[in-house]
Amino acid sequence: MNIHFHPTVPIIEDNHDDDNSSSSDDDEDQNWDDWISDSALQRDNCKSLFDDKVGSVEEILAYDKATYNFDLNETCKALSLDIHGRIRLINFIRRTKSSPANLSSLTGKESFFSSDDFLLPVIEDDAMLQYQPDSWTDSEDESSLLTEDRIRKLQQKLAQTQRDFEEYRKLVTHRFNLGQIDELSAEGPSNTVLPPERDDDSHYFESYGANDIHAVMIQDKVRTSTYARYILGTPSVFEDAIVLDVGCGTGILSLFAARAGAKKVFAVDASNIATKAEKIVKDNNLDDVITVIRGKVEDIQLPEGTKVDVIISEWMGYALLYESMLDSVLVARDRFLKPNGIMAPTQTRMMFGLCDATEIVKDRITFWNDIYGFDMSAMAEELYHEAVIDVVGPHTMLSTPCVVKDLHLSSITPRQLDFISSFKLTSSTDRRTKVTAFILYFDTFFTTSGNPVAPETEVQIIQENEAVLAEVWPLGGRPAPQRRMSQHHKKAKSQEDGELTKADVVTSFSTGPNSIPTHWKQTLFLLKEPFVVDEGFVVSGHFHCHKSDSNSREIDVEIHYTVQDVASQTPSQDVVVEMFKIQ
């Protein structure tokens, strides 16, 4: 989904001090009074749709009309919106920060008017959502009705409103997984079957119980050989160490650690693969070193409160954060890692850039335009809302990538995994080229010290036919060759006495287009409205990333951007907002 809106400068004004009286009428639905109480509607905490002005609902509606020439009630009437349509419109404006000028072109057929996502409040306890204007009446002239008829019609309207809000309450309750509602049926809780709690984990762990996914990961030579080079090539880290392998899978990283001289390795996995990992450990006569533990790292206990020297894990997913396994690794860090322990990997960077994904567009989208003479383009519509996981070559990059998130595993918190980051991309193409996608991939770093790498440190790019495994398993008894550029020996001055510290070895790999393709591939955000750039064009904006409300292991991404021709100093008139799911 993409949205255009004009940038606006927020108008910030002082809050009104006027006291508003509360309604004395009883609320018909005491269990949902947070949404429909009269007192909520009369509080001076309703926020303008376009800036930070607050007041009562009626004051704010009048303010928006006078200041921005936007009449919410008239707009809802012109678009024939019911209460759900009105709620979607309010949440759409608040979420996308749409300008009044853009809202004038609405037809009522936009996709967000049918999306349940826009029924979820953007502002908690939003009084604007609870307000129903007096103008929402039947077309007939009620003033001419007899008193009894007016009472009957008002009762009908009240009953309908209560039904509408009850449906809304159920929807919000379901989407937010609120669980047990305060009001149960009159029969009592013993006769009420509560809906099951949402389970984002079962399918995830079940998927890692099969062989195929582990074969794919182990056969990814960029991934597996880099872990092997780091573990087997840094004896100062692993010799006589106590190691925790989070999400061990087949146990390959635990086997590397044992071979590297670890004193004890705890291999933890919550999927059925743990049974096979235990057999693999025994088959390799390493069961005296490696202990396989079946369970979630959030729930397991290590013997006698053991703390570990190193945590190793291959937690990365598509776009780095898909599957949210990093959350579990951070729990393991906080529960089991010694104060000066080492996280492996030490650091990851999410890289973002401009991309000419023309071939992907042909294969995934325009392919459907003509199937034996039939238009099947409807099959491709969702691809503009869902991130595409595929491989593109180095020639498709139209800018130098920038870092939108730098994750230091020793200190980052789960809360920081939902973020908004600014970006600025300068086109590097030497001719006019169409940008058909944004691209996202990640670089991964391991250090012997456990400290983050210097900002200028370049990631190793592994090329085709490069003998990356020769560093780990040299043939014929020959010594391993000297480490390549990815393993920089850096010397730093001690802050206390000025003496040199020991060299820190950096091992790294990239999942970007310049490297051998990995099983992570790259994440592509295809643009429904591509734009043309020439050398020096600047694309800037904000990258929004957060866990999906419907499944915590999926990711929702918003990309807000403008395009500027530096030569003419002419910025785009619109801020474009693209919304995607990584699932």
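If you're wondering where the values come from, they're calculated on a predicted model, not measured in any experiment. (Residues numbered from 1 in each chain as written. Predicted model: local features only at pLDDT ≥ 70, side-chain atom pairs only at ≥ 80, totals over all residues. Heavy atoms only, no water.)

A look at the overall build of the chain
(1) Moving on: Tallying secondary structure elements over the chain gives 16 helices and 20 strands in all.
(2) Moving on: Evaluated residue by residue, the chain yields a buried proportion of 49% over its 583 residues.
(3) Moving on: Sequence-distant contacts in the chain: of pairs separated by 6 or more residues, those separated by 24 or more amount to 73%. (Helix = DSSP H or I, 4+ residues; strand = E, 2+ residues; numbered from the N terminus. Buried < 20%, exposed > 50% of the residue type's maximum accessible area, 1.4 Å probe, protein only. Contact = heavy atoms within 4.5 Å.)

Concerning empty space enclosed by the protein
(1) Moving on: Tallying each qualifying case throughout the model produces 2 cavities of 30 Å³ or more.
(2) Moving on: In this structure, the largest cavity spans a volume of roughly 60 Å³.
(3) Moving on: Looking at the largest cavity, the residues that line it are Leu321, Ser324, Leu326, Asp327, Leu417, Asp418, Cys545, His546, Lys547 and Ile555.
(4) Moving on: Counting only elements with at least two residues in the lining of the largest cavity, the list comes to α15 (325-336) and β17 (538-547). (1 Å grid on protein atoms, 1.4 Å probe; cavity = no way out; pocket = protein on both sides within 12 Å on 5 of 7 lines; lining within 4 Å. Points joined across faces, edges and corners; volume = space filled by probe spheres on them.)

Comments concerning the confidence of the model for the chain
(1) Moving on: Per-residue confidence for the chain gives a mean pLDDT of 81, with 75% of residues at or over 70.
(2) Moving on: Predicted confidence for residues 137-145 stays below pLDDT 50, and this span has 11 contacts to residues more than four positions away or in other chains.
(3) Moving on: Scored below 50 in pLDDT, residues 474-501 shows 45 contacts in the model against residues more than four places distant or in partner chains. (pLDDT = per-residue confidence, 0-100.)

Quick word on the environment of Arg432
(1) Moving on: Considering the arrangement of structural elements, one finds Arg432 in the loop between β12 (419-426) and β13 (433-447).
(2) Moving on: Owing to a relative accessible area of 57%, Arg432 belongs among the exposed residues under this scheme.
(3) Moving on: Once the C-alpha coordinates of Arg432 and Val532 are considered, the two residues, 100 residues apart in sequence, prove to be 6.5 Å apart.

Details of the nonpolar core
(1) Moving on: Counting residues in hydrophobic clusters, the biggest one holds 94 residues, and the most contacted among them are Leu321, Phe352, Phe438, Phe525 and Phe543.
(2) Moving on: Apart from the residues lying within four places of it in its own chain, the contact partners of Phe352 are Pro401, Cys402, Val404, Phe423, Leu425, Phe438, Ile439, Leu440, Phe525, Phe543 and Ile559.
(3) Moving on: Membership of the second largest hydrophobic core comes to 31 residues, among which are Cys76, Leu79, Phe112 and Tyr131. (Core = buried A, V, L, I, M, F, W, Y, C linked by side-chain atoms within 4.5 Å.)

Notes on the packing of aromatic side chains
(1) Moving on: All told, the structure shown has 24 aromatic pairs when counted by the stated rule.
(2) Moving on: Each residue in the set Phe352, Phe419, Phe423, Phe438, Phe525, Phe531, Phe543, Tyr561 and Phe580 is aromatic and connected to the rest through ring pairs, giving one cluster.
(3) Moving on: Sitting over the ring of Tyr63, Lys53 keeps its end group 5.5 Å from the ring centre.
(4) Moving on: The ring of Phe118 carries the charged tip of Arg95 above its face, separated from the ring centre by 4.6 Å. (Phe/Tyr/Trp six-rings, centres within 6.5 Å; stacked < 30°, edge-to-face > 60°. Lys NZ or Arg CZ within 6 Å of the ring centre and 35° of its normal.)

Description of the packing of helix α10 (residues 211-219) against helix α11 (residues 221-233)
(1) Moving on: With their axes 5 Å apart at the nearest point, α10 and α11 run at an angle of 65° to one another. Between α10 and α11, the crossing angle belongs to the class labelled roughly perpendicular. Residue-level inspection shows Met217, Ile218 and Gln219 of α10 in contact with α11, the latter providing Lys221, Arg223 and Thr224. (Axes fitted to C-alpha atoms, helices over the stretch in contact; angles between N-to-C directions. Parallel < 35°, antiparallel > 145°, perpendicular 65-115°, else oblique.)

Things to note about a nonpolar patch on the surface
(1) Moving on: Residues Tyr372, Phe374, Met376 and Met379 make up a contiguous nonpolar surface patch of roughly 540 Å² in combined accessible area.
(2) Moving on: Structurally, Met379 can be placed in the loop between α16 (358-364) and β10 (388-390). (Patch = residues over 30% accessible without salt bridge, like charges linked within 9 Å, V, L, I, M, F, W, Y side chains within 5 Å. Areas by Shrake-Rupley, 256 points an atom, 1.4 Å probe, with all protein chains shown as cover. Salt bridge = Lys/Arg side-chain N within 4 Å of Asp/Glu carboxyl O.)

Some details on the packing of α11 against helix α13 (residues 252-259)
Each packed pair of helices is defined by two parameters, the angle between the axes and the distance between the axes.
(1) Moving on: The interhelical angle for the contact between α11 and α13, taken along N-to-C directions, is 25°, at an axis separation of 9 Å. With respect to α13, the element α11 is oriented roughly parallel. Relative to α13, the crossing made by α11 is right-handed. The segment α11 lies against α13, with Thr224, Tyr227, Ala228, Ile231 and Leu232 engaging Leu253, Phe256, Ala257 and Arg259.
(2) Moving on: Across the contact of α11 with α13, the residue classes tally to 7 nonpolar, 1 polar and 1 charged. (Left-handed = near helix turned anticlockwise from the far one by under 90°. Nonpolar A, V, L, I, M, F, W, Y, C, P; charged D, E, K, R; others polar.)

Comments concerning unusual backbone geometry
Glycine aside, a negative phi is what most residues show, and trans is what most peptide bonds show.
(1) Moving on: Residue Pro345 is bonded to the preceding Ala344 through a cis peptide linkage, with omega at 5°.
(2) Moving on: With respect to the element layout, Pro345 can be found in the loop between β8 (337-344) and β9 (347-355).
(3) Moving on: The backbone of Ser80 shows a phi angle near 55°, a positive value even though the residue is not glycine.
(4) Moving on: One non-glycine residue, Glu304, lies in the positive phi region at around 50°.
(5) Moving on: Using a relative accessible area of 84% as the deciding quantity, one classes Glu304 as exposed.

Quick notes on the sheet that holds strand β7 (residues 308-312)
(1) Moving on: Read across the sheet, 5 strands follow the order β6-β5-β4-β7-β8 without closing on themselves; strand pairing throughout is parallel. Two strands lie at the open edges of the sheet, namely β6 (290-294) and β8, each paired on one side alone. The mean angle between the axes of side-by-side strands here comes to 20°, regardless of whether they run parallel or antiparallel.
(2) Moving on: Of the strand pairs in this sheet, β7 and β8 are connected by 4 bridges, and their pairing is parallel. Pairing of Val308 across the sheet is with Leu337, part of β8. (Pairing = 2+ DSSP bridges.)

Overview of helix α5 (residues 83-96)
(1) Moving on: With 14 residues, α5 extends 20 Å between its outermost C-alpha atoms, agreeing within 8% with the 20 Å of an ideal straight helix rising 1.5 Å per residue.
(2) Moving on: With 13 of its 14 residues buried, α5 lies for the most part within the structure.
(3) Moving on: One or two residues past the end of α5 sits Lys97, with phi positive at roughly 55°. (Expected span 1.5 Å × (residues − 1).)

Details of the environment of Asp44
(1) Moving on: Following the sequence through the fold, Asp44 ends up in the loop between α2 (38-42) and β2 (46-47).
(2) Moving on: For Asp44 and Ser56, which are 12 residues apart along the polypeptide, the C-alpha to C-alpha distance reads 4.4 Å.

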